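Residues per chain, in single letters:
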Amino acid sequence: VHAGVTFDDKSWKYSVEDLGSQNGTFVNEIRLSEPKQKSGPQVLSHGDKVAFGSCKFLIHIHDGYETCDKCEPGQVMADLSSKEVKSTPVLKTKQEKEKERRQEMRRLKKKYGLEGMEYSEGKSCISATDSKYEDKAEIRRQTVGSENPYEKTEVASMDVIMPESNKGYQMLKKLGWKEGDSLGLTNSGISQPVCNLLLSCFLNIG
């Protein structure tokens, strides 16, 4: 048990005491006892801030059925919402909308470092007047000769040996495989690709 809260029916007072906790009990940010040591009772008052370790509480003590505004946030919020003035939507002119659009474009260009860039009609990208800008996608399309940046630039073949730059080649080499070896843990697997055989003596329905 971390701490205990008691009520004295003679003095009509609430008290809290630490029962030897490790993380401590705090009243108004003052620790009641050292770690793992029991403290004496501390009388609580209205508005005190009590913390059991990292759990914090705000104490409210009232006579009878009396409450304060902070005890009933629902009523306070309802009262505030009833006093709010409902605003009517403002209709903007075409010029005002265009002005806001231009301001938003300037903000986005500044945020993403595109202030020196202009849009070119008929092109799928924007051209930059800033000499520091480098369109890597455009350079790749020019060197590879493909308009599709996701197009495969290496085609598998049964007649061409897999180059050392191939990712699969590099993975096999790290596992101890050498060119000419067969596959498998005991080096007893196939060493040549599976060939496709065309059988002309059978007719299929498809």
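Each chain carries its own residue numbering, running from 1 in the direction its sequence is written. With the structure being a predicted model, the display of local features is reserved for residues of pLDDT at least 70 and the display and counting of side-chain atom pairs for 80 or more, all residues being used for whole-chain, interface and lining totals. Side-chain metrics rest on all non-hydrogen atoms present in the structure, leaving aside hydrogens and water.

Enquirer: Break down the overall build of the chain for me, with residues and values.
Expert: The helix count covers DSSP runs of H or I at least four residues long, the strand count covers runs of E at least two residues long, and both are numbered beginning at the N terminus. In terms of helices and strands, the chain carries four helices and nine strands. Counting from the amino terminus, helix and strand elements in the chain follow one another as β-β-β-β-β-β-β-α-α-β-β-α-α. Only protein chains enter the calculation, and the probe is 1.4 Å; a residue is then buried if its accessible area is under 20% of its type maximum, exposed if over 50%, and partly exposed in between. Looking at the chain as a whole, 12% of its 206 residues are labelled buried. Any two residues whose heavy atoms approach within 4.5 Å at even a single point are treated as in contact. By sequence separation, contacts in the chain at least 24 residues apart represent 18% of the contacts at least 6 residues apart.

Enquirer: Give me the lowdown on the UniProt feature "domain: G-patch" (unreviewed entry) in the chain, citing residues and values where you can.
Expert: Per the UniProt record, "domain: G-patch" (unreviewed entry) is annotated on residues 164–194. Across residues 164–194, helical content stands at 26% and strand content at 0%; the span's end C-alpha atoms are separated by 21 Å. UniProt positions are given in the numbering used here, feature names are shortened, and annotations may be inferred rather than shown by experiment.

Enquirer: Tell me about the UniProt feature "domain: FHA" (unreviewed entry) in the chain, residues and numbers included.
Expert: The UniProt feature table records "domain: FHA" (unreviewed entry) at residues 1–32. Helix makes up 0% of residues 1–32 and strand 53%. Its end C-alpha atoms lie 15 Å apart.

Enquirer: Please provide a residue-by-residue account of the sheet that holds strand β1 (residues 3–8), values included.
Expert: Between any two strands, pairing holds if DSSP finds at least two bridges. Ordered by their spatial adjacency, three strands build an open sheet running β1-β2-β5, and the pairing between neighbours is antiparallel. Strand pairing shows two members of the sheet lacking a second neighbour, β1 and β5 (42–44), which therefore form its edges. Neighbour to neighbour, the strand axes of the sheet diverge by 30 degrees on average, direction disregarded. Bridge count for strand β2 (residues 13–18) against β5 is three bridges, and the pairing is antiparallel. Pairing of serine 15 across the sheet is with valine 43, part of β5. For helices, the fitted line uses only the C-alpha atoms of the stretch in contact; every axis is such a line through C-alpha atoms, and the angle between N-to-C directions lies from 0 to 180 degrees.

Enquirer: Outline the pairing of β2, supporting the account with residue identities and numerical values.
Expert: Where β1 lies against β2, six bridges are found, and the strand directions are antiparallel. Bridged to glycine 4 within β2 is glutamate 17. Linkage of β1 to β2, two consecutive antiparallel strands, is achieved through a turn of four residues, within which tryptophan 12 is found at a positive phi near 55 degrees.

Enquirer: How would you summarise the confidence of the model for the chain if you had to cite specific residues and measurements?
Expert: Close inspection of predicted coordinates is inappropriate in any region flagged by low pLDDT. Averaged over every residue, the pLDDT of the chain is 76; residues scoring 70 or more account for 69%. Here pLDDT means the predictor's own confidence in every residue, given as a number from 0 to 100. For the stretch residues 120–130, pLDDT sits under 50, and the model shows 13 contacts to residues farther than four places along the chain or on other chains.

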